[in-house]
Amino acid sequence: MSGSFATQPLERTDLRRPLRDVMTGAGYAQMLLRLGYGPNGPGTPRRPVSDVLDIQP
């Protein structure tokens with residue numbers, strides 16, 4: 001599962017208007033959120049836990 005944010009389409013008035021509340025026409029869309037499954041991408045590099053966390057007894 002992955003997600004991405006999109007705000008650029010909302011800069012166009014003709015695309016922003018249909019995203020308002022259907023019944024009242026009120027509200028303002030701030031962001032579009034895209035969720036879904038996509039192709040597997042490369043893994044992100046990670047530092048060892050010992051580099052970022054000190055556990056003391």
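In the block above lies the structure referred to throughout.
A look at the overall build of the chain
Consideration 1: Helix and strand counts for the chain come out as two helices and two strands.
Consideration 2: Beginning at the N terminus, the succession of helices and strands in the chain can be written as β-α-β-α.
Consideration 3: Relative to its length of 57 residues, the chain is extended, with a C-alpha radius of gyration of 20 Å against a globular reference of 10 Å.
Consideration 4: Overall, the chain is about 60 × 30 × 20 Å in size when its C-alpha atoms are taken along their principal axes.
Consideration 5: Counting all 57 residues of the chain, 2% fall into the buried class.
Consideration 6: For the chain, the share of sequence-separated contacts (at least 6 apart) that also reach a separation of at least 24 residues comes to 53%.
Consideration 7: Carbon and sulfur atoms provide 55% of the accessible area of the chain, an area that totals close to 5800 Å².
Consideration 8: Where the 7 positive side-chain charges of the chain centre and where its 5 negative ones centre are 9 Å apart.

Some points on the pattern of salt bridges
Consideration 1: Applying the stated rule across the entire model yields one salt bridge.
Consideration 2: D14 is paired through a salt bridge with R12; the nearest N and O atoms lie 2.7 Å apart.
Consideration 3: With a relative accessible area of 49%, R12 lands in the partly exposed category.

Concerning the environment of P45
Consideration 1: Note that P45 resides in the loop between β2 (32–36) and α2 (49–52).
Consideration 2: Among the residues examined, P45 registers a relative accessible area of 78% and is labelled exposed.

Focus on the environment of P9
Consideration 1: With respect to the secondary-structure elements, P9 resides in the loop between β1 (2–6) and α1 (13–16).
Consideration 2: Given a relative accessible area of 31%, P9 falls into the partly exposed group.
Consideration 3: C-alpha separation for the pair P9 and R47, spaced 38 residues apart in sequence, amounts to 36 Å.
Consideration 4: Not counting chain neighbours up to four residues away, the residues in contact with P9 comprise L15 and L32.

Parameters at a glance
- Residues numbered from 1 in each chain as written.
- Predicted model: local features only at pLDDT ≥ 70, side-chain atom pairs only at ≥ 80, totals over all residues.
- Heavy atoms only, no water.
- Helix = DSSP H or I, 4+ residues; strand = E, 2+ residues; numbered from the N terminus.
- Rg over C-alpha atoms; globule rule 2.2 N^0.38 Å.
- Buried < 20%, exposed > 50% of the residue type's maximum accessible area, 1.4 Å probe, protein only.
- Contact = heavy atoms within 4.5 Å.
- Areas by Shrake-Rupley, 256 points an atom, 1.4 Å probe, with all protein chains shown as cover.
- Lys, Arg positive; Asp, Glu negative; His and termini not counted.
- Charge placed at Lys NZ, Arg CZ, Asp CG, Glu CD.
- Salt bridge = Lys/Arg side-chain N within 4 Å of Asp/Glu carboxyl O.

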